[in-house]
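Coordinate inspection notes
Below are the chains, spelled out letter by letter.
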Amino acid sequence: MAENMEDPRLDNEHWADVLVQALPYFKHWCGKIVVVKYGGNAMLNEDLKADVMEDIVLLNTIGIHVVLVHGGGPEINNMLNKIGKESKFVNGLRYTDAETMEVVQMVLTGKLNKDIVGMILQEGGKAVGLSGVDSGLLRAKKIDKDGADLGFVGEVTEVNPEILLSLIAQGFIPVVSTVALGETGDTNRYNINADTAAAKIAVALKAEKFVQLTNVPGVLRDVNDPSSLIQRIHLADVQGFIDDGTIAGGMIPKIECCMLARNGGVPRTHIIDGRVPHSLLIEMFSDRGIGTMIY
């Protein structure tokens, strides 16, 4: 203990400053719904996994209602490789035939979903895992992407949030995997883009905040310079950044999901770096924030 006291990372005055700065945010967010899209590096690195789960349990403990929506592309690829099935992509989207859909459902709703629930329980939280099929949470139709057949890939047409609201009211953290049921009369299951599903769930829940945990710092003016982070982008300026190439490639669909949530009534939407330990807490409880906010 003496050694730690000689070289503390934060002295008492700084600790007090941190807590005082965080207090207004505690008050603001208490009782509000926050939807977090969980994926990327934060889902693959064991230490970052633990950090994310600790953050979510802390938020829930102080009365913030977190809904965690997760993808699982790398894990699906690993399972397909194990069974000797080649992954096929059309226009950047996974082609999902009947066999692949079985694997998607097994990995997302079986293994990954329950692994995440287990990690939250280990951190002392209360969580329930479910998929878009449960209680008809997500309904979808077969996607038509530039006339290409993607198999059992769907787009969300309806969100029925009652099951989530019921779990939230009982103090649970819902953990949602994005396999959806077809529309009425369609008994198929569909593989859904988790970012888009999370944005639509945030709208349906009238969430106060929508956060995407990603593998990048946010929107950068120069992709090779992390210090060029753009912290705030107004909706009206998004197209200009796309036109000049600042927002490009894989960042475009993430921004589109933020716009979808914002246009649907979610006041705050964010893209933050899931590789930064406790990035969710930094975003929620500090003046500095982290990543890019679309407002």
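So, how was this worked out
- Residues numbered from 1 in each chain as written.
- Predicted model: local features only at pLDDT ≥ 70, side-chain atom pairs only at ≥ 80, totals over all residues.
- Heavy atoms only, no water.
- Phe/Tyr/Trp six-rings, centres within 6.5 Å; stacked < 30°, edge-to-face > 60°.
- Helix = DSSP H or I, 4+ residues; strand = E, 2+ residues; numbered from the N terminus.
- Buried < 20%, exposed > 50% of the residue type's maximum accessible area, 1.4 Å probe, protein only.
- Lys NZ or Arg CZ within 6 Å of the ring centre and 35° of its normal.
- pLDDT = per-residue confidence, 0-100.
- Contact = heavy atoms within 4.5 Å.
- Core = buried A, V, L, I, M, F, W, Y, C linked by side-chain atoms within 4.5 Å.
- Pairing = 2+ DSSP bridges.
- Axes fitted to C-alpha atoms, helices over the stretch in contact; angles between N-to-C directions.

Evaluation of the coordinates by the stated rule reveals two aromatic pairs. Ring centres 4.6 Å apart and planes at 90 degrees place the aromatic pair F26 and F285 in the edge-to-face group. In this pair, F26 is assigned in helix α2 (residues 12-29) and F285 in helix α10 (residues 279-285), connecting sequence segments 259 residues apart. Here the aromatic rings of F152 and Y190 are separated by 6.3 Å at their centres, their planes lie at 50 degrees, and the arrangement is tilted. Taken together, the residues span a long stretch of sequence, with F152 in the loop between β6 (138-142) and β7 (153-159) and Y190 in strand β10 (residues 189-192) at a distance of 38 residues. Residue Y190 is classed as buried on the basis of its relative accessible area, which comes to 4%. The lysine or arginine in question, K126, covers the ring of F172, its NZ or CZ lying 4.5 Å from the ring centre. The aromatic ring of Y295 is capped on one face by R232, whose charged end is 4.5 Å from the ring centroid.

Turning next to the confidence of the model for the protein. Summing up the model confidence of the protein, the mean pLDDT is 89 and the portion of residues at 70 or higher is 95%. When the criterion is pLDDT under 50, residues 1-7 qualifies, and its contacts beyond four places in sequence or with other chains add up to zero contacts.

Glancing now at the nonpolar core. With 39 residues, the main nonpolar core has Y38, L59, I64, L68, I116, I120 and F285 as its most contacted residues. With nine residues, the single largest contributor to this core is helix α5 (residues 98-122). In this structure L68 touches V36, Y38, M53, I56, I116, I120, P174, V175 and V176, once residues within four positions along its chain are discounted. Formed by 28 residues, the second largest nonpolar core is a distinct cluster that contains A140, Y190, A197 and V266.

Taken together, the eight strands give an open sheet; going across it, the order is β5-β8-β2-β1-β11-β13-β14-β12, and neighbouring strands pair in mixed fashion. The sheet is open, and its two edges are formed by β5 (127-131) and β12 (232-233), each paired on a single side. Here six bridges tie strand β1 (residues 33-38) to strand β2 (residues 65-70), and the two strands are oriented parallel to one another. Looking across to β2, one finds that I33 is bridged to H65. Here helix α7 (residues 194-204) sits on the sheet in contact with β1, β2, β8 (173-177) and β11 (209-214), set at roughly 175 degrees to β1.

The next subject is the environment of V216. With respect to the helices, strands and loops of the structure, V216 is situated in the loop between β11 and β12. Residue V216 is classed as partly exposed on the basis of its relative accessible area of 31%. Sequence-wise, V216 and V159 are 57 residues apart; in three dimensions their C-alpha atoms are separated by 29 Å. If we skip the residues at most four places from it in the chain, V216 touches M251, I272, D273 and R275.

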